[in-house]
Structures are given as C-alpha cells and as structure tokens.
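So the chains spell out like this:
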Amino acid sequence: MSFLDRILGRQHPPVIGLDISSSSVKLVELGQTASGELVLERFGSEPFEKGWITDGQIEKFDEVAEAVKRLVHKAGTKTRHVAMAMPQSAVITKKIMLPAGLSEEELELQVETEANQYIPFSLDEVSLDFCVVGPSATSAGDVEVLIAASRKDRVQDRQGLAEAAGLKPVVLDIESHASRLAMTRVVSVLPNQGKDALVALFEIGADTTSLKVLRDEEMLYDRDQAFGGAQLTQLISRQYGFSFEEAEQKKLSSDLPEDYESTILDPFVDSLSQEIGRALQYFFTSTPHHKVHYVMLAGGTATLPRLKDRVTELTGFASMVVNPFDNMKLGPAVRESRLRREAPSYLTACGLAMRRFVQ
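As the structure is a computational prediction, the values presented were derived from the model and not from experiment.

Participant: Explain the overall build of the protein here, please?
Facilitator: Check the secondary structure of the protein and you find 11 helices and 16 strands. Over its C-alpha trace the protein gives a radius of gyration of 21 Å, about what one expects of a compact globule, namely 21 Å for 359 residues. The buried share of the protein, taken over its 359 residues, is 48%. Residue pairs at least 24 apart in sequence account for 66% of intrachain contacts in the protein once pairs closer than 6 positions are excluded. Separation between the mean location of the 39 positive side-chain charges and that of the 51 negative ones in the protein comes to 4 Å.

Next up, the structure:
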C-alpha cells in the first residue's frame, strides 16, 4: 500500500473511500456503468466525539475503530478494499528532478538519497513513496519526481483502523490530493470546462478551513486557517446550555430555538464570510494574482443558509457550494434528500473512492 498508488497508475478492484476527519468518518462507494458513467452506490458518516482525533492524531483508537466498524455495517457494503488518506500536516512532500531513463531500483536509490535532505527523521522511522510525475518542463532530459513521506506510526494508525473494521487498506493517499481529484469533475462542468479558470476552494472543516487555489489541476496556493463549523456548535452550546455533542446533534437536525437564526446563525455566517474574504485578500497580497473566477465552498458548514450569497456579496466573486456527486447516477441505496443536504462534506471521501477509476 502506498501514498501515491493513483499517480503510479495502479488500478484496483472495487474500493470504498474512507475519509477520517476530526469530527467524523465518511464513506463513499462508487460503481461504473458499461458506458463509463460513475454511479454513487453508497455514502454515509458516523460522528466522533470531541477529542477522539486532534490535529490529525488519533487519540482514542478503540472508539474511532468502533465508529468506523459501525459505519461500514450501516452502509451495507460488501466491499472490503479501502482507500484512505493522511492529513496534509502528517505528510512531507517534495518535487525533485532526476535523470530520465533510470530503472525502478536506480530511482529508489536516488529518492532515498534525496529524501535524507528533506525529511527531519531517520528514514527507518518513515514510510516513503515516490512517483514520476512526467518530463521536466525546465530541465531537458530530466523527469519530475514527487516524494511523499510520513512517520510510520501515523501510517500504521490509519492501517490499523481499517483492519479493526474488517477492511483491507489498498491505497493510502493525501487528503488534499483526494479532494483535488474529486474537484476535477466539478471544474470540468464549468464554462469552457474550467480551462484557465482560477478556482478558490474553501474546505470548511470542524476546526480548520483550508483555501486551495486551483488552475487546470495545478494547485497554485494552499493555506489553512483556524476556523470552522465547530465554532458554531460551541456558540450553540454556550447560548442554550447544551453539551457540545447535544449542540452538534441539534445543529445537524435543525432542532433549535426560534431565536437561533437571528442570535447565533446570522452573526456566524457574517463572521465566516469575512474570514473567507480575508483569506482571499491574503492570497492576493502574497501572489501575483488579484482575482479568482470562482469561489467554491465544501464541507458540512458550506450548506449554511445564506453563506454562499453572503460570500458573493462580500468578495464580489461568484460563489457556489460544491457537490462532488453532480452528474453521477444514484444507486438504489442512496437517499436523494439526504445527499442534497450532505454532499459538500464528502469531497475527500469521493476523491478516495474515485481512485479505483484513475489510470
């Protein structure tokens, strides 16, 4: 199992995509019609209690493993092969140039030599992988090679979770790579198939929001900021005296007092929109770019009422909520009403499930 199976071009039997975040585990299973159309066969999620996973580190292994097992059982999937991802913060990546025409063994030796310069741990302590991206655009006769490394204990935690749930991990990717793969479908339906468009993707997680600026499948910019949907849950908890878990449940089921929208939700939407505007301004001041063509919102919080419109008002850029399952066929196990509500939070899980179909 490696980080970069997708890029190395290995095709797998049916897999489920399993996205493990600080607040939940999400599952996606995709199929394909004879004509090549993708089919969403199953999707689902299981919440985690606060503190089970912190900064990508699994603190309560048994509890998380049980939640994964429950989700797999509830989803009803027969597939046991799974694609998972490491958080970006747990992986060191570096692009290097090497001479073209090296054998696999020669490449491995060169990569290990180069990796020693960039990885602040002994190579005995890390899982290391690499792939040849393609010919170098700047150096004739060379190829561009992407190195990825993560500490073995972090990798083993992810593998162990899958195995505890009766699953066999076959791909271990990087979260940002998986979400970018899912975004290729989203961008392809934009005018002119999104060619040359600057797309600002905001993935609003529980504790962190990441801004990735993409152009033609290339990532121009990537930055995380410490704000997310858990802040809304905390405000609800404080205002109405609920525990954090109760507040989260009531937020998701829209079971809140009448004054919730005016007292809590509207000010939070304003605050979140301003944070998104500030993140864009930071991108403009730290790069040669001064505009984006689209602002795309993903994550469970992206569907908050009025958020998309407020972001458009504040930034002046067309804003939309991402649905990674747009233009997919839906299998009989999929509840369409739930999918409409929750789709934006499945971007990474969808990208992981798509690994099966990427040559």
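Participant: How should I be thinking about the sheet that holds strand E2 (residues 24-32) in this particular structure?
Facilitator: Sheet strands line up and pair through hydrogen bonds in the backbone, either parallel or antiparallel. Pairing within the open sheet is mixed, and its six strands lie in the order E10-E6-E1-E2-E3-E16. Looking at the sheet topology across the chains shown, the edges are occupied by strand E10 (168-174) and strand E16 (329-330). Strand direction decides the pairing type here: E2 and strand E3 (residues 38-47), joined by nine bridges, are antiparallel. The partner of Gln-32 across the bridge, within E3, is Leu-38. Helix-sheet contacts for helix H4 (residues 152-164) involve strand E1 (16-20), strand E6 (81-86) and E10, and the interaxial angle to E6 is about 150°. Packing against the sheet, helix H5 (residues 175-188) makes contact with E1, E3, E6 and E10, and its axis sits at approximately 85° to E10.

Participant: Could you clarify how one ought to interpret a negative patch on the surface in this entry?
Facilitator: Residues Glu-49, Asp-62, Glu-63, Glu-245 and Glu-246 make up a contiguous surface patch of negative charge. Structurally, Glu-246 can be placed in helix H7 (residues 244-253). Residue class for Glu-246 comes out partly exposed when judged on its relative accessible area of 41%.

Rules and cut-offs
- Residues numbered from 1 in each chain as written.
- Predicted model: local features only at pLDDT ≥ 70, side-chain atom pairs only at ≥ 80, totals over all residues.
- Heavy atoms only, no water.
- Helix = DSSP H or I, 4+ residues; strand = E, 2+ residues; numbered from the N terminus.
- Rg over C-alpha atoms; globule rule 2.2 N^0.38 Å.
- Buried < 20%, exposed > 50% of the residue type's maximum accessible area, 1.4 Å probe, protein only.
- Contact = heavy atoms within 4.5 Å.
- Lys, Arg positive; Asp, Glu negative; His and termini not counted.
- Charge placed at Lys NZ, Arg CZ, Asp CG, Glu CD.
- Pairing = 2+ DSSP bridges.
- Axes fitted to C-alpha atoms, helices over the stretch in contact; angles between N-to-C directions.
- Patch = residues over 30% accessible without salt bridge, like charges linked within 9 Å, V, L, I, M, F, W, Y side chains within 5 Å.
- Areas by Shrake-Rupley, 256 points an atom, 1.4 Å probe, with all protein chains shown as cover.
- Salt bridge = Lys/Arg side-chain N within 4 Å of Asp/Glu carboxyl O.

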